[in-house]
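As a plain string of letters, each chain reads:
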Amino acid sequence: RPLAFDNSTNMAAAGQQSHGVYLDYNATTPVAAEVTAAVSDALVDLWANPSSASPLGRKAKEAVDVARVHVAQCVGAGAATDVVFVSGGTEANNWVIHAALEHFAEQKGRDAVPHVVTTAIEHDATQLPLRHLAAQGRCTYTAVKPAQGTGAVSTADILSAVQPGTTCLVTVMLANNETGAIQPVQEIAAAVAEQTQDSFRALIHTDAAQAIGKIPVDARELGVDYLTIVGHKFYGPRIGALYVRNLLRPDGAPLKPMLWGGGQERGLRAGTENTPMIVGLGKAAELVTLNLAAYNKHMQAMQAHLKEKLKECFGSDVVFNGVSDAHQTLPNTCNFSLLGNDRNGIKVLALIPKVLASVGAACHSHSGVTASSILLASGIDEAVALNAQRWSVGRETTLEDIDFAVGELQRAVQPKN
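Residues numbered from 1 in each chain as written. Predicted model: local features only at pLDDT ≥ 70, side-chain atom pairs only at ≥ 80, totals over all residues. Heavy atoms only, no water.

Enquirer: Sorry if this is basic, but what is going on with the overall build of the protein chain here?
Expert: When its secondary structure is counted, the protein chain shows 12 helices and 12 strands. Its C-alpha atoms give the protein chain a radius of gyration of 22 Å, within 12% of the compact-globule value 22 Å for 417 residues. Projected onto the principal axes, the alpha-carbon positions of the protein chain cover approximately 65 × 50 × 30 Å. Looking at the protein chain as a whole, 57% of its 417 residues qualify as buried. Summarising the internal contacts of the protein chain: among those between residues at least 6 apart in sequence, 72% fall at separations of at least 24. Here the protein chain has roughly 17200 Å² of accessible surface; of this, 53% comes from carbon and sulfur atoms. Taken as two groups, the 32 positive and 39 negative side-chain charges of the protein chain have centres that lie 3 Å from each other. (Helix = DSSP H or I, 4+ residues; strand = E, 2+ residues; numbered from the N terminus. Rg over C-alpha atoms; globule rule 2.2 N^0.38 Å. Buried < 20%, exposed > 50% of the residue type's maximum accessible area, 1.4 Å probe, protein only. Contact = heavy atoms within 4.5 Å. Areas by Shrake-Rupley, 256 points an atom, 1.4 Å probe, with all protein chains shown as cover. Lys, Arg positive; Asp, Glu negative; His and termini not counted. Charge placed at Lys NZ, Arg CZ, Asp CG, Glu CD.)

As structure tokens, then:
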């Protein structure tokens, strides 16, 4: 039976003002009550090894297969077999990069050096592997910056970076984790495919970690070869999956194992399946499939109210970063700066401990000494970027939560006269 959206059915503490208002849903989300129940049941009932031929093993394997179907439906995969379960987004992104480099070596020879096109606003799980591989001489790469002041890269700039015959991979995130700026992945995929059709075809990857559960995500419609799925960003457990186009067909996107062992995941990823977490990921994906329109509508309303309250309280002292009329943004993300001295984002947040937000990616948002590389790459002035805060709303967020949070901010940082 379809589950009706009710923003009170999830983690009740997430929005309670007595404990603080949680506005960091881009960092992670609470686990949905339905997901917790599914994981708990699986821990008790599905403890057998899915690779076992015993009745209990077959029962566990059936649960894994059902979860795979739900994840495939959530991201518009052509078939459930196009989904491979992984530990999370970092593994998925690394795997895609290595798969593309290996495919290039098989086609062009081990002495040829492949080239990768990415953006300057990717998560470190994409940028750092490329930096490491480039330092080893195993590839070169180009990181394209967003068009000035928009937060989004342009298709033309991506195409200019492509080196036909040498570029083996173009990886562009679907939505940025700090600004919420949605990237033109569908347009990029089509343009790159056309540009490289007469030479070595560049593979296309998108990290959809921040997009799933907030906006519609359809891998086939996007035209990508690979798509990264991260459970804890949409009320699931800390596990992930990788979509691979037509994985089991001869014309499918290439994927070679990075881990060798027992032959799980059709020989592509060794290691006994984490059945309870996979079941939880499947349930979280199912909830998104059933309720995305309601989730999106609710988050849009909360985001709009947040921006209005900030403008009402701070007027021209507040600026919104990485957004423009030319590009859409996620319905839940608000990256803003309060102009003026003594308004460093991390320091201001320290003054309002009941507002649980961040200044950027959770992986490296604690120093406050240097400005976000994402904002700087987006053309935002360093002084403005140093004052940035990222407030991201979720399914539980209420108007009262936002009023409370902005009130706390206003009391801590009085607007200039």
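Enquirer: Just checking my understanding: could you explain the packing of helix α3 (residues 89–108) against helix α4 (residues 124–135) for this structure?
Expert: Two quantities define a packed helix pair, namely the angle between the axes and the distance from one axis to the other. Axis separation between α3 and α4 bottoms out at 9 Å; the angle between their running directions is 40 degrees. What the angle tells us is that α3 and α4 run oblique. Pair α3 / α4 crosses with right-handed handedness. Between α3, through Thr90, Asn93, Asn94, Ile97, His98 and Leu101, and α4, the contact on the second element is made entirely by Ala125, Thr126, Pro129, Leu130 and Leu133. For the contact of α3 with α4, the class distribution of residues is 6 nonpolar, 5 polar and no charged. (Axes fitted to C-alpha atoms, helices over the stretch in contact; angles between N-to-C directions. Parallel < 35°, antiparallel > 145°, perpendicular 65-115°, else oblique. Left-handed = near helix turned anticlockwise from the far one by under 90°. Nonpolar A, V, L, I, M, F, W, Y, C, P; charged D, E, K, R; others polar.)

Enquirer: What should I look at first to understand the sheet that holds strand β6 (residues 203–207) in this one?
Expert: Two orientations exist for strands paired in a sheet by backbone hydrogen bonds: parallel and antiparallel. Taken together, 7 strands build an open sheet; the order of strands is β2-β8-β7-β6-β5-β3-β4 and the sheet is mixed. Taken across any chain shown, the strands that pair with only one partner, and hence form the sheet edges, are β2 (83–86) and β4 (140–144). Direction aside, neighbouring strands of the sheet carry axes that sit 20 degrees apart on average. Two strands pair when backbone bridges link them, and β6 and strand β7 (residues 226–230) are joined in this way by 3 bridges, in the parallel orientation. Bridge assignment links His205 to a residue of β7, and that residue is Tyr226. (Pairing = 2+ DSSP bridges.)

Enquirer: I tried to follow the pairing of β4 on my own but got confused; where do I start?
Expert: Along a regular strand, successive side chains alternate from one face of the sheet to the other. Pairing between strand β3 (residues 115–119) and β4: 5 bridges, direction parallel. Counted as the bridge partner of His115 is Thr140 from β4. Regarding topology, α4 serves as the crossover connection from β3 to the parallel β4, and that connection is right-handed. (Right-handed = clockwise from strand over helix to strand, strands pointing away.)

Enquirer: Explain the pattern of salt bridges to me, please; I cannot follow it from the model alone.
Expert: Once the charged atoms of two side chains with opposite charge are near each other, the side chains can pair. The final tally for this structure, using the stated rule, is 15 salt bridges. For Asp24, the salt bridge identified is with Arg390, shortest N-O distance 3.1 Å. Here Asp24 is found in the loop between β1 (21–22) and α1 (33–45), whereas its partner Arg390 is found in strand β12 (residues 388–392), with 366 residues between them in sequence. Given the relative accessible area of 1%, Arg390 is considered buried. Salt-bridge contacts for Lys311 lead to Glu308; the nearest nitrogen and oxygen are separated by 3.1 Å. In this pair, Lys311 and Glu308 both sit in helix α8 (residues 275–314), 3 residues apart, roughly one turn of the helix. Given the relative accessible area of 46%, Glu308 is considered partly exposed. One salt-bridge network, in which partners are shared between bridges, spans Arg68, Glu265 and Arg266. (Salt bridge = Lys/Arg side-chain N within 4 Å of Asp/Glu carboxyl O.)

Enquirer: Sorry, what's going on with unusual backbone geometry here?
Expert: Generally, phi is negative for residues other than glycine and the peptide bonds are trans, each holding for most cases. Non-glycine residue Tyr235 carries a positive phi angle of around 70 degrees. Summarising the element assignment, Tyr235 is placed in the loop between β7 and β8 (240–244). The exposure class assigned to Tyr235 is buried, which follows from its relative accessible area of 4%. Of note in the backbone geometry, Glu265 takes a positive phi value of approximately 50 degrees without being a glycine.

Enquirer: Before we go on, may I ask you to explain the environment of Phe85 in this structure?
Expert: Tracing the backbone through its elements, the reader meets Phe85 in strand β2. We classify Phe85 as buried; its relative accessible area is 4%. Distance from Phe85 to Ile278, taken between C-alpha atoms, is 7.5 Å for residues 193 residues apart in sequence. Discounting chain neighbours no more than four positions away, the residues touching Phe85 are Val64, Ala67, Arg68, Val71, Gly240, Ala241, Glu265, Arg269, Ile278 and Leu281.

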